[in-house]
Each structure stands twice: as structure tokens, then as C-alpha cells.
Amino acid sequence: MNTTQPGKNLFTNKSSFLLLGIMFAALNLRIGLTSFPPLLDDIGRELSLSNAEGGLLNTLPFLLFGVFALLSRQARNFGIEKSLFIALALITLGTLGRPLGGTFLLFSGTVLISIGIALGNVLLPSMLKRDFPEKITLITTVYVTLMTVASATASGVAVPLAALGARIAVPASETSTLNWRFSLAIWAVLGLLALLIWLPQLKN
């Protein structure tokens with residue numbers, strides 16, 4: 001009789017691919033928040049945002065976290081794998097849509113990203129407890145470290161990426177304007193990768 005417990009064989013092909021999906025999901029749970037503030041002044045000038053609107057953009061995610069963290073507990077009944085896929089899809093869609101238009105898309109994209117992060121913040125630890133109970137401390141340490149590094153990196157390179165985007169999008173003589181749209185949208189690549197890696201988990 002097979003007495004192997006969940007998480008016992010941590011590095012089987014199946015569990016290794018699940019771990020890879022978890023780590024890519026973790027990478028997406030902070031960058032949508034930290035890549036934004038360094039560019040807020042440039043965004044505000046281009047879109048003519050008021051001080052109140054700029055402040056709301058910074059505080060909106062935290063207002064939504066509490067509401068959707070409660071709802072995410074119900075999402076587990078739908079299936080953690082499917083719910084996490086939806087969370088990643090919301091983050092990716094918001095990341096792609098936020099820089100594509102004016103104030104409406106900026107706010108609606110921020111809302112989608114915030115909902116996706118709120119769901120992921122609750123669902124990801126639940127999955128670790130379920131599938132890797134004997135390795136939860138180790139794996140939690142790794143994915144929290146990844147989130148922290150990704151968060152700091154997104155904040156630190158936001159302005160350089162905007163400068164790079166300006167050089168790509170406009171003639172060299174006009175590179176003084178930062179391309180904040182490019183800087184925000186580029187992170188959707190990580191979201192798309194996470195979605196692709198997560199697809200096999202939908203069978204569970």
C-alpha cells in the first residue's frame with residue numbers, strides 16, 4: 001500500500017512543475033504595486049491627474065485587499081488551482097490594460113491588479129499547506145524572498161525602463177520624456193509566463 005504523504009516527494013516531476021508555477025505566481029504578487037509609485041509624477045502630468053486622484057491610485061489597492069481577501073476564502077471552494085489562474089489572469093490583464101489608455105484604464109487596471117493580488121495572497125499559502133505540508137517553511141521562505149526581490153527590482157528599475165521605453169518609442173532628440181506606459185506594461189511578460197506555466201494545474 002502506498003503511504004506517501006503529500007509533499008513527501010518534493011522533487012517529483014509533478015511537484016517540481018507545481019513549485020515552478022508557485023514561484024512564478026509569487027513573482028507577480030507585488031510588482032504591480034511597486035512598479036507604479038516611482039512613475040506617478042510623470043503619469044499625473046501626462047493624464048492631468050489631481051492630487052486626490054494620484055493619492056487614490058496609491059491607496060486603492062490596500063482598500064481592495066481587505067474586501068477581496070475575504071472573498072478569496074470562498075474562491076477556494078471553486079478550486080485553488082482555477083482560482084489562482086483567475087488571479088494571475090486579472091493581474092496580467094490589468095498590467096497590460098493600465099498603460100494603454102487614459103484615466104479610466106489606469107484606474108480599472110489598478111483595480112484588476114489589486115483583486116488578483118488579494119486573491120493570490122490568500123490562495124497561495126493555502127496551496128502550500130495542502131500540497132507541501134512537510135516543506136512549508138522552506139517553500140514559504142523561498143517564495144516570500146522572490147516576492148521581496150521582485151518588489152524591490154520593479155521599483156528600482158521603473159524609471160530606467162521608462163527612459164529605455166522613451167528611446168525605443170520616440171526619436172533620440174526627444175528622449176527627455178519618460179515612457180511610463182512601456183515601464184508598466186513590460187511586467188505583463190511575467191504574468192503571461194506564469195499563466196502558461198500554471199495551465200497544467202487546471203486539470204486538478
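Parameters at a glance
Residues numbered from 1 in each chain as written. Predicted model: local features only at pLDDT ≥ 70, side-chain atom pairs only at ≥ 80, totals over all residues. Heavy atoms only, no water. Helix = DSSP H or I, 4+ residues; strand = E, 2+ residues; numbered from the N terminus. Buried < 20%, exposed > 50% of the residue type's maximum accessible area, 1.4 Å probe, protein only. Polar contact = N/O pair within 3.5 Å; in protein donor to acceptor, adjacent residues only side chain to side chain. Contact = heavy atoms within 4.5 Å. Patch = residues over 30% accessible without salt bridge, like charges linked within 9 Å, V, L, I, M, F, W, Y side chains within 5 Å. Areas by Shrake-Rupley, 256 points an atom, 1.4 Å probe, with all protein chains shown as cover. Salt bridge = Lys/Arg side-chain N within 4 Å of Asp/Glu carboxyl O. Phe/Tyr/Trp six-rings, centres within 6.5 Å; stacked < 30°, edge-to-face > 60°. Axes fitted to C-alpha atoms, helices over the stretch in contact; angles between N-to-C directions. Parallel < 35°, antiparallel > 145°, perpendicular 65-115°, else oblique. Left-handed = near helix turned anticlockwise from the far one by under 90°. Nonpolar A, V, L, I, M, F, W, Y, C, P; charged D, E, K, R; others polar. pLDDT = per-residue confidence, 0-100.

Once that is clear, we can look at the side chain of Thr-110. Within the secondary structure layout, Thr-110 lies in helix H6 (residues 103-131). By relative accessible area, Thr-110 is classed as buried at 3%. There is a polar contact of 2.8 Å between the side chain of Thr-110 and the backbone oxygen of Leu-106. Setting aside residues up to four positions removed in sequence, Thr-110 forms contacts with Leu-57, Leu-60, Pro-61 and Arg-98.

Our focus in this paragraph is a nonpolar patch on the surface. Taken together, the side chains of Ile-186, Val-189, Leu-193, Leu-196 and Leu-199 present a nonpolar region at the surface, about 410 Å² in accessible area. With respect to the helices, strands and loops of the structure, Leu-199 is situated in the segment after helix H10 (188-198).

Moving on to the side chain of Gln-201. As for its placement among the helices and strands, Gln-201 is situated in the segment after H10. Setting aside residues no more than four positions away along its own chain, Gln-201 makes contact with Phe-17, Leu-18 and Glu-81.

With that settled, consider the packing of aromatic side chains. Enumeration over the complete set of coordinates arrives at 1 aromatic pair. Pairing Phe-62 with Phe-65 gives two aromatic rings, centres 5.7 Å apart and planes at 75°, and the pair type is edge-to-face. Residue Phe-62 and its partner Phe-65 are both found in helix H4 (residues 51-75); the two are separated by 3 residues, about one turn of the helix. According to the relative accessible area criterion, Phe-65 is buried, its value standing at 17%.

With their axes 7 Å apart at the nearest point, helix H5 (residues 80-97) and H6 run at an angle of 155° to one another. With respect to H6, the axis of H5 lies roughly antiparallel. Viewed along their axes, H5 and H6 form a crossing whose handedness is left-handed. Taken together, the residues of the contact of H5 with H6 break down into 15 nonpolar, 8 polar and 2 charged.

By the definition in use, this model includes 4 salt bridges. With its nearest N and O atoms 2.4 Å apart, the salt bridge here joins Arg-130 to Glu-81. Placement of the pair is Arg-130 in helix H6 and Glu-81 in helix H5, with a sequence separation of 49 residues. On the accessibility criterion, Glu-81 (6% relative accessible area) is buried. Salt-bridge contacts for Arg-130 lead to Asp-131; the nearest nitrogen and oxygen are separated by 2.8 Å. The exposure class of Arg-130 is partly exposed, given its relative accessible area of 36%. Through salt bridges with shared partners, a single network forms among Glu-81, Arg-130 and Asp-131.

For Leu-20, the position within the fold is in helix H1 (residues 13-27). Sequence-wise, Leu-20 and Trp-198 are 178 residues apart; in three dimensions their C-alpha atoms are separated by 8.7 Å.

The subject of this paragraph is the packing of H6 against helix H7 (residues 136-156). For the pair H6 and H7, interaxial distance at closest approach is 10 Å and the crossing angle is 150°. When the interaxial angle is binned, H6 and H7 end up roughly antiparallel. Note that H6 runs across H7; the crossing there is right-handed. Taken together, the residues of H7 that come into contact with H6 (itself represented by Leu-124, Pro-125, Leu-128 and Lys-129) are Ile-136, Ile-139, Thr-140 and Tyr-143. Tallied by class, the residues present in the contact of H6 with H7 amount to 6 nonpolar, 1 polar and 1 charged.

In this section: the confidence of the model for the protein. For the protein, per-residue confidence averages 85 on the pLDDT scale, and 87% of positions sit at 70 or higher. Low confidence marks residues 1-11, where pLDDT is under 50. Its contacts with residues over four positions away, or in another chain, come to 18 contacts. Segment residues 172-176 is flagged for pLDDT under 50; beyond a separation of four residues in sequence, or across chains, it makes 3 contacts in the model.

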